[in-house]
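Residues per chain are reported as follows:
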Amino acid sequence: MRTRADHSTYSAQPEGKSQHGRIVSELGLAIIGGELKPGDKLPPEAQLLERYEISRPVLREAVRVLVAKGLVVSRQRAGAIVRPRNEWHLLDPDVLYWLIQSRPQRDFVQTLLEVRRIFEPAAAALAARAATDEQLAGIATAYEGMAAAKTTAELLEPDLTFHRRIAEATGNDLLAYIGNMLSLALRESIILSSQLPNTHDLSLPRHKAILTALQARDAVGARQATLVQLEETGDDINTVLAADGRVNLA
C-alpha cells in the first residue's frame, strides 16, 4: 500500500552531500519522533563524529540546519539542546516530512484534517470575495485537469494545484504561504483517500461545488462546499483505514 512518499530535501542528496543530509535527516527524525526530547542535548560531538565518520565542519553545518528549522538551540559550552515542540518550524518541508514519517498514519491524518477544517473553509470564503478573474480561471484550469485525469496518479497534481490556487486567490501572502507549505501533507492525505476505487467520481463533484461557489463570488457557499468536501474526505479516509484494520478518525 502506498501511503508515504519521499519528499524530504534530505531524502536523496547529491554526491558529496549525502553524509550531511544523512546527519540532518537522522537527527531530525530522532527529535520529531521523540527519541530526543525537548531539553535533551544532542549526542556529544565526539560521538557523532565517530558515528558518521565526518569532519567537525560538516557536523557543525548539520547542527546549524537543525537550528534554522527550530529544532535545536546551540549554546556555547552547553552544546545543542532540543527546543520545545511549540518552537519547531512545523511548516518547514523537511520538518513536516519527518512528522509524517514519525507519527502513526491515523494520528497524522487526524491532525491534518483538523488543520484543514480550520484553514480551507476560511480561505475559500476569502477567495470568493478577493480572487481576480485570472485567479478564478487558474482554479478552474486545475479543476479541468482533475476532470481530465484518467488515473489516480494523474489526479494528484491538479488536485493539489486546485487547493493551492484557492489559498493564493485570497490575496493574503501569509495564507498563500501556508497553503503552499501544507501541500506536502495534503499530498499524503490525497494518496490515502485515492485508494478508494471510485475516488475520481467522489472527488470531482465536491471540487466542482467549491469552484461554482467561487465563480459566483459566494463566500458562504464556498465555505460550506469546502466543509462538505472535508467531511466527506474524512469519511473516505475512514473507509480506507477501516479496510486496513485501523481505528476510524473521530
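Residues numbered from 1 in each chain as written. Predicted model: local features only at pLDDT ≥ 70, side-chain atom pairs only at ≥ 80, totals over all residues. Heavy atoms only, no water.

Student: Help me out: how do you make sense of the overall build of the protein chain in this one?
Tutor: Helix and strand content of the protein chain: eleven helices and two strands. Going from the N terminus to the C terminus, the protein chain shows its helices and strands as α-α-α-β-β-α-α-α-α-α-α-α-α. Buried positions account for 48% of the 250 residues belonging to the protein chain. Put simply, 72% of the contacts in the protein chain that link residues at least 6 apart link residues at least 24 apart. For the protein chain, the accessible area works out to roughly 12500 Å², and carbon and sulfur atoms hold 52% of it. (Helix = DSSP H or I, 4+ residues; strand = E, 2+ residues; numbered from the N terminus. Buried < 20%, exposed > 50% of the residue type's maximum accessible area, 1.4 Å probe, protein only. Contact = heavy atoms within 4.5 Å. Areas by Shrake-Rupley, 256 points an atom, 1.4 Å probe, with all protein chains shown as cover.)

Student: Where do I start with the pairing of strand β2 (residues 79-82) in this structure?
Tutor: Across a regular strand the side chains alternate sides, sitting on one face of the sheet and then on the other. Of the strand pairs in this sheet, strand β1 (residues 72-75) and β2 are connected by four bridges, and their pairing is antiparallel. Bridging across to β2, Val 73 finds its partner in Ile 81. Hairpin connection, β1 to β2: the antiparallel pair is bridged by three residues, and Arg 77 has positive phi, about 75 degrees. (Pairing = 2+ DSSP bridges.)

Student: Explanation requested: the environment of Ile 100 in the structure shown.
Tutor: As for its placement among the helices and strands, Ile 100 is situated in helix α4 (residues 93-102). Note: C-alpha distance between Ile 100 and Ile 32 (68 residues apart in sequence) is 9.6 Å.

Student: Just checking my understanding: could you explain the confidence of the model for the protein chain for this structure?
Tutor: If pLDDT is low for a region, its predicted coordinates should not be looked at in detail. When pLDDT is averaged along the protein chain, the result is 88, and 90% of the positions lie at 70 or above. Mean pLDDT across the secondary structure elements of the protein chain bottoms out at helix α9 (residues 183-193), with 86, and peaks at helix α6 (residues 133-148), with 98. Taken as a whole, residues 1-6 scores under 50 in pLDDT and shows 22 contacts with residues more than four places along the chain or in a different chain. The model gives residues 11-16 a pLDDT under 50, and that stretch makes three contacts with residues more than four places away or in other chains. (pLDDT = per-residue confidence, 0-100.)

Student: Teacher, can you tell me more about unusual backbone geometry here?
Tutor: Glycine aside, a negative phi is what most residues show, and trans is what most peptide bonds show. The residue Glu 53 is not glycine, and still its phi comes out positive at about 55 degrees. One can find Glu 53 in the loop between α2 (45-52) and α3 (56-68). We note that Arg 217 has phi near 60 degrees; this positive angle belongs to a residue other than glycine. As for its placement among the helices and strands, Arg 217 is situated in the loop between α10 (199-215) and α11 (219-243). Look at Arg 217 and you get partly exposed, because its relative accessible area is 36%.

Student: Looking at this model, I keep getting lost on the packing of helix α5 (residues 105-130) against α9. Mind explaining?
Tutor: For any two helices packed against each other, one specifies the crossing angle of their axes together with the interaxial distance. Closest axis-to-axis distance for the α5/α9 pair is 10 Å, and the angle between their directions is 115 degrees. The crossing of α5 and α9 is left-handed. Contact residues: α5 offers Gln 105, Phe 108, Val 109, Leu 112 and Arg 116, while α9 offers Ala 185, Leu 186, Glu 188, Ser 189 and Leu 192. Of the residues belonging to the contact of α5 with α9, the class tally is six nonpolar, two polar and two charged. (Axes fitted to C-alpha atoms, helices over the stretch in contact; angles between N-to-C directions. Left-handed = near helix turned anticlockwise from the far one by under 90°. Nonpolar A, V, L, I, M, F, W, Y, C, P; charged D, E, K, R; others polar.)

Student: Would you mind showing me how to read the pattern of salt bridges here?
Tutor: Side-chain pairing between opposite charges can occur once the charged atoms of the two side chains come close. Counting across every chain of the model gives 13 salt bridges. Residue Glu 157 pairs with Arg 187 through a salt bridge whose shortest N-O separation is 2.9 Å. With Glu 157 in helix α7 (residues 152-168) and Arg 187 in helix α9, this pair connects stretches of sequence that are 30 residues apart. Judged by its relative accessible area of 38%, Glu 157 falls in the partly exposed class. With a relative accessible area of 17%, Arg 187 lands in the buried category. Within this structure, Glu 45, Arg 56 and Arg 60 form a network of salt bridges that share partners. (Salt bridge = Lys/Arg side-chain N within 4 Å of Asp/Glu carboxyl O.)

Student: Quick question: what am I supposed to make of the packing of α6 against α10 here?
Tutor: At a minimum axis distance of 10 Å, the contact between α6 and α10 shows a crossing angle of 165 degrees. Taken together, the axes of α6 and α10 are roughly antiparallel relative to one another. Seen from above, α6 lies across α10 with left-handed handedness. Here Leu 136, Ile 139, Ala 140, Tyr 143, Met 146 and Ala 147 of α6 lie close against α10, whose contacting residues are His 200, Ser 203, Leu 204, His 207, Lys 208, Leu 211, Leu 214 and Gln 215. Per-class residue counts for the contact of α6 with α10 are nine nonpolar, four polar and one charged. (Parallel < 35°, antiparallel > 145°, perpendicular 65-115°, else oblique.)

Student: Can you walk me through the environment of Ile 81 in this structure?
Tutor: Along the chain, Ile 81 falls in strand β2. Separated by 23 residues in the primary sequence, Ile 81 and Val 58 have C-alpha atoms spaced 18 Å apart. Non-local contacts of Ile 81, meaning those with residues more than four positions away in its chain, are made with Gly 39, Asp 40, Lys 41, Leu 71, Val 72, Val 73 and Arg 75.

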